[in-house]
Amino acid sequence: MDRSNLLPIGQFSQASGLSVTALRHYDASGVLVPAFVDPVSGYRYFRRDQVRTAQSIRALRQLDIPVEEVRRLLDGGEEELAAALRAHLRAAERRLEVQRSVVHGLLSRLTEGAEMTHRVTVRQGAAQRILVRGATLDHSGLDAFLRVAYQEMYEVAGHGPLTFTGPAFVRFHGVCDDENETLVEACLPFREDGAQPADLPDGMTVRELPGNTLACTEVEGAAAAFPQILGAYDAVAAWITEHGFGFAGPVRLVYRRWTGTPDHPDNRLEIAWPIDEPAGD
């Protein structure tokens with residue numbers, strides 16, 4: 001075999017920036033297969049034009065992309081790879097924004113205290129009859145779900161026509177971020193003694209919420225956008241804990257004023273957490 005266009009694994013390692021151990025691993029996993037393996041010595045040889053591929057593999061692994069995903073992307077061609085890289089960049093920028101928000105929130109607590117940033121109050125929440133559309137998802141799917149859910153619910157309400165008794169709100173039954181899924185319920189309160197919805201689409205229900213006590217704080221403008229709003233949830237949770245109350249249900253995100261644009265300066269949202277009275281001594 002003509003080996004003039006081949007590099008032994010040691011030289012190929014130097015040219016590609018991948019260790020010999022890594023090259024053996026990528027051979028075994030099918031990501032980067034040698035052009036020739038000596039049947040006697042078992043020594044691996046790579047074509048010179050495989051250096052570029054190896055360098056791409058090294059870069060993709062530096063982005064923490066799993067080996068199986070690297071193989072799929074390389075097999076998919078340049079367009080698919082470019083699209084995946086753009087998606088990865090957007091996700092990385094999003095993670096950085098979350099980390100930046102977390103750091104600023106921690107610094108704020110250290111210098112000012114959470115109570116200085118978010119004033120927590122207690123109010124009574126009346127019993128409500130609500131339209132509900134729920135889904136289990138993480139934060140990446142939240143905006144799209146809420147957009148569709150409220151569009152469907154307002155269409156149903158218009159056929160009633162229903163009389164609204166308060167602003168729309170969302171109930172989170174657990175942590176909803178980029179790493180955790182939870183049940184999320186879009187809710188629309190309407191009058192119990194007025195027109196009632198009929199022929200509800202699949203997945204939409206009517207539910208009765210009892211009256212309760214709510215620990216609340218409001219955020220506006222940029223502070224109402226994700227991930228900055230996470231600090232408001234933390235502040236209410238900390239206040240509930242520090243004052244001896246119990247958590248009595250899913251936290252609510254109430255749309256006091258909503259423009260439809262997440263970071264609009266006119267947005268005003270309320271974090272409202274149902275609480276139980278402190279236990280007696």
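K.L.:
Just checking my understanding: could you explain the overall build of the chain for this structure?
P.N.:
Within the chain one finds eight helices and 12 strands. Computed over its C-alpha atoms, the radius of gyration of the chain comes to 27 Å, more than 25% above the 19 Å expected for a compact globule of 281 residues. On the principal axes, the C-alpha backbone points of the chain span a range of 90 × 50 × 40 Å. When each of the 281 residues of the chain is scored for burial, the buried share is 37%. Within the chain, residue pairs in contact and separated by at least 24 positions form 68% of the contacts whose partners lie at least 6 positions apart. As displayed, the chain has an accessible area near 16,000 Å², and 51% of this comes from carbon and sulfur atoms. Across the chain, 28 positive and 39 negative side-chain charges occur, with their mean positions spaced 6 Å apart.

K.L.:
Please explain the pattern of salt bridges as it appears in this structure.
P.N.:
In a structure, side chains of opposite charge can pair up when their charged atoms sit close to one another. All told, the structure shown has 14 salt bridges when counted by the stated rule. With a closest N to O distance of 3.1 Å, R171 and E185 form a salt bridge. Of this pair, R171 sits in strand 6 (residues 169–172) while E185 sits in strand 7 (residues 182–190), and the two are 14 residues apart along the sequence. As far as the burial class goes, R171 and E185 line up, both buried. Note that E270 is salt-bridged to R256, the shortest N-O span being 2.9 Å. One end of the pair, E270, is in strand 12 (residues 268–276); the other, R256, is in strand 11 (residues 251–257), and 14 residues separate them in sequence. The buried category is assigned to E270, whose relative accessible area is 4%. Through salt bridges with shared partners, one network takes in E69, R72 and E80.

K.L.:
I'm lost on the nonpolar core in this one. Help?
P.N.:
Soluble, globular proteins show a tendency: their nonpolar side chains are buried together. Judged by nonpolar contacts, the single largest core of 40 residues is most densely connected at F172 and L253. Sorting the residues of this core by element identifies strand 5 (128–137), helix 7 (142–159), strand 6, strand 7, strand 9 (212–220), helix 8 (230–242), strand 11 and strand 12 as the ones contributing at least two each. Residue contributions to this core peak at eight residues, all from helix 7. Of all hydrophobic cores here, the second largest spans 19 residues; its members include L7, L32, I65 and V67.

K.L.:
Please clarify how the packing of aromatic side chains should be interpreted in this entry.
P.N.:
Working definition: an aromatic ring pair is given by the centre-to-centre distance plus the angle between the planes. According to the stated counting rule, one finds 10 aromatic pairs in the structure shown. Between W239 and F245, the ring centres sit 5.4 Å apart and the planes meet at 15°, which makes this aromatic pair stacked. Neither residue differs from the other here; W239 and F245 are each classed as buried. Between the aromatic rings of F247 and W273, the centroid separation amounts to 5.1 Å while the plane-to-plane angle is 65°, which identifies the pairing as edge-to-face. One end of the pair, F247, is in strand 10 (residues 246–247); the other, W273, is in strand 12, and 26 residues separate them in sequence. Members of the aromatic cluster, each reached through a chain of ring pairs, are Y150, Y154, F164, Y255 and W258.

Rules behind the numbers
- Residues numbered from 1 in each chain as written.
- Predicted model: local features only at pLDDT ≥ 70, side-chain atom pairs only at ≥ 80, totals over all residues.
- Heavy atoms only, no water.
- Helix = DSSP H or I, 4+ residues; strand = E, 2+ residues; numbered from the N terminus.
- Rg over C-alpha atoms; globule rule 2.2 N^0.38 Å.
- Buried < 20%, exposed > 50% of the residue type's maximum accessible area, 1.4 Å probe, protein only.
- Contact = heavy atoms within 4.5 Å.
- Areas by Shrake-Rupley, 256 points an atom, 1.4 Å probe, with all protein chains shown as cover.
- Lys, Arg positive; Asp, Glu negative; His and termini not counted.
- Charge placed at Lys NZ, Arg CZ, Asp CG, Glu CD.
- Salt bridge = Lys/Arg side-chain N within 4 Å of Asp/Glu carboxyl O.
- Core = buried A, V, L, I, M, F, W, Y, C linked by side-chain atoms within 4.5 Å.
- Phe/Tyr/Trp six-rings, centres within 6.5 Å; stacked < 30°, edge-to-face > 60°.

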